[in-house]
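Examining the three-dimensional arrangement
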Amino acid sequence: MRHFLTTEDWSKAELQALLDDARELKANPRQDRLRGKRIALVFMNPSLRTRTSFQVGITDLGGSSVVLDAGGTWPLETEDGAVMDGTAEEHVAEAARVLSTYVDMIAIRAFPKFEDWSVERHDPVLSAFVRYATVPIVNMETIVHPCQELAMLMALQERHGSLQGQKMCLTWTYHPKPLNTAVMNSALLAATKMGMEVTLLMPSDEYMLDEKFIEAGSRFAGENGRGLTLTHDVEEAYRGADAVYAKSWGRLDQIGLPMEERLTPDALRRFIVDEEKMALTNNATFSHCLPMRRNVKATDAVVDGSNSLIIEEAENRLHVQKAVLSALNDQ
Ligand SMILES: CC(=O)N[C@@H](CCCN)C(=O)O
Ligand SMILES: NC(=O)OP(=O)(O)O
């Protein structure tokens, strides 16, 4: 049984087939592909886009969804053999098996708790659901965000056509709090797999993404005869870029420290995406996963400019997720 956990498990051709199907679904949004199917959407974290686009998409395809929110269900234990005398009231061993008797697929959003990256880098909640559920699992964002990745690729292909050899600037941007790395991990996997020439811009080595994503990105770039460049030099990253994708994230080496020690230094506000930096590019498109703090992560001029793909990318979540759910349903 196939799941949709990370795009690393799906070949370039398979991802392109999902993107092609998403285009078909964009043209013909209401189809009977999930008639009578029930899907549980488990949210351990807030969401505007993911929740709405999954629910609407499932309804469009004739299925139905049940949303379970962190506050409205029992706190879950993920570790096998745990002595459950902490806050968890239920083990995923039961939760996943019980849900599997009610629904045909389970989709999960579970961000890391930012307590211990050596554990969280193995995606404990998602992995536990995969271990115990007897139905396909869909990742709605954990340590990667594969649905966002597909939506980004679709928006880029709609605007740029072929992505082969296009220069992608993946930039860290400022946010006062240390955010999750998932979206940038995914943007890196997607851009390298689809044949883009990728530069990852970070303020310093301390902001390096987990080595497993850097390794995978380098491998995918190599398979396409392209490169993955890591840099701290703003000009090098932006110059000649065809596309700029921004994301803020917190240092992995500070996970577990008190929040006061993890706040982003004010000096890094200079990484904001602004017109001056965009002027270095090859008239690049700009995108970001949303939600986005305006004039902190990117200026109004960039966000509202004609090269901004933020709304298209968000809309495409609906179409790509329908393609993913249909592919899992058809297996
Ligand atoms: C504010 C915040 O936590 N943003 C999240 C949302 C990602 C998209 N679902 C982040 O940037 O990682
Ligand atoms: N981009 C995204 O996943 O948005 P939400 O967090 O609002 O679902």
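Since we're looking at a predicted model, the values are computed, not measured.

About the cut-offs
- Residues numbered from 1 in each chain as written.
- Chains lettered and ligands numbered in written order.
- Predicted model: local features only at pLDDT ≥ 70, side-chain atom pairs only at ≥ 80, totals over all residues.
- Heavy atoms only, no water.
- Phe/Tyr/Trp six-rings, centres within 6.5 Å; stacked < 30°, edge-to-face > 60°.
- Helix = DSSP H or I, 4+ residues; strand = E, 2+ residues; numbered from the N terminus.
- Near = heavy atom within 4 Å.
- Polar contact = N/O pair within 3.5 Å; in protein donor to acceptor, adjacent residues only side chain to side chain.
- Areas by Shrake-Rupley, 256 points an atom, 1.4 Å probe, with all protein chains shown as cover.
- Nonpolar A, V, L, I, M, F, W, Y, C, P; charged D, E, K, R; others polar.
- Domains from an automatic or database assignment.
- UniProt positions renumbered as here; feature names shortened; annotations may be inferred.
- Core = buried A, V, L, I, M, F, W, Y, C linked by side-chain atoms within 4.5 Å.
- Buried < 20%, exposed > 50% of the residue type's maximum accessible area, 1.4 Å probe, protein only.
- Contact = heavy atoms within 4.5 Å.
- Pairing = 2+ DSSP bridges.
- Axes fitted to C-alpha atoms, helices over the stretch in contact; angles between N-to-C directions.

**Re the packing of aromatic side chains**
The tally for this structure, following the rule as stated, stands at three aromatic pairs. On the basis of an interplanar angle of 75° and a centroid distance of 5.6 Å, the ring pair of Phe 4 and Trp 10 is categorised as edge-to-face. Relative to Tyr 207, the ring of Trp 172 lies with its centre 5.1 Å away and its plane at 65°, an arrangement referred to as edge-to-face. Placement of the pair is Trp 172 in strand E7 (residues 167–172) and Tyr 207 in the loop between strand E8 (197–201) and helix H8 (211–223), with a sequence separation of 35 residues.

**A few points about the site of ligand 2**
Taken together, Ser 47, Leu 48, Arg 49, Thr 50, Arg 109, Glu 141, His 145, Gln 148, Cys 289, Leu 290 and Arg 317 make up the full set of residues adjacent to ligand 2. In the model, an oxygen atom of ligand 2 is placed 2.8 Å from a nitrogen or oxygen of the Arg 49 side chain. Protein contacts shield 94% of the accessible area of ligand 2, which totals 260 Å² for the unbound molecule. Considered class by class, the residues forming the shell around ligand 2 number three nonpolar, four polar and four charged. Each of domain 1 (7–144 + 317–330) and domain 2 (147–313) accounts for three or more of the residues forming the shell around ligand 2.

**So, the UniProt feature "domain: Aspartate/ornithine carbamoyltransferase carbamoyl-P binding" (unreviewed entry) in the protein chain**
The UniProt record marks residues 2–158 with the feature "domain: Aspartate/ornithine carbamoyltransferase carbamoyl-P binding" (unreviewed entry), using the residue numbering of this structure. Between the first and last C-alpha atoms of residues 2–158 the distance is 28 Å; the span itself is 41% helix and 15% strand.

**Considerations on the nonpolar core**
Ranked by size, the top nonpolar core spans 88 residues in total, and within it Phe 4, Met 168, Leu 170 and Phe 286 carry the most contacts. Considering every element that reaches this core, the biggest residue donor is helix H6 (residues 146–160), with eight residues. The residue makeup of this core includes at least three contributed by each of domain 1 (7–144 + 317–330) and domain 2 (147–313). If we ignore the near neighbours within four places in the chain, the residues touching Met 168 are Met 152, Leu 156, Ala 191, Met 196, Glu 197, Val 198, Thr 199, Ala 243 and Tyr 245. Among the nonpolar cores identified, the runner-up in size contains 17 residues, and Val 92, Val 103, Ala 110 and Ala 128 belong to it.

**Description of unusual backbone geometry**
Each neighbour pair has its own omega, and for Leu 290 with Pro 291 the value is 5°, a cis peptide bond. Considering the arrangement of structural elements, one finds Pro 291 in the loop between strand E11 (285–287) and helix H12 (300–303). For Asp 123, which is not a glycine, the phi torsion comes out positive at approximately 55°. With respect to the helices and strands, Asp 123 occurs in the loop between helix H4 (117–120) and helix H5 (124–132). Take Asp 123: its relative accessible area is 11%, and that puts it in the buried class.

**Quick look at the sheet that holds strand E2 (residues 64–69)**
Read from one edge to the other, the open sheet built from four strands follows the order E2-E1-E5-E6, with strand pairing classed as parallel. Single-partner strands in this sheet number two, and they are E2 and strand E6 (137–139). For this sheet, the mean inter-axis angle between neighbouring strands, taken without regard to orientation, is 20°. Of the strands in this sheet, strand E1 (38–43), E2 and strand E5 (105–109) are in contact with helix H3 (residues 92–102), which crosses E5 at around 135°.

**With respect to the site of ligand 1**
All residues in the neighbourhood of ligand 1 are listed as Arg 109, Glu 141, Leu 179, Asn 180, Lys 247, Cys 289, Leu 290 and Pro 291. One of the side-chain N or O atoms of Arg 109 is found 3.4 Å from a nitrogen atom in ligand 1. Separating an oxygen atom of ligand 1 from a side-chain N or O atom of Lys 247 is a distance of 2.7 Å. In isolation ligand 1 offers 350 Å² of accessible surface; the protein chains occlude 78% of this area. Taken together, the residues that form the shell around ligand 1 break down as four nonpolar, one polar and three charged.

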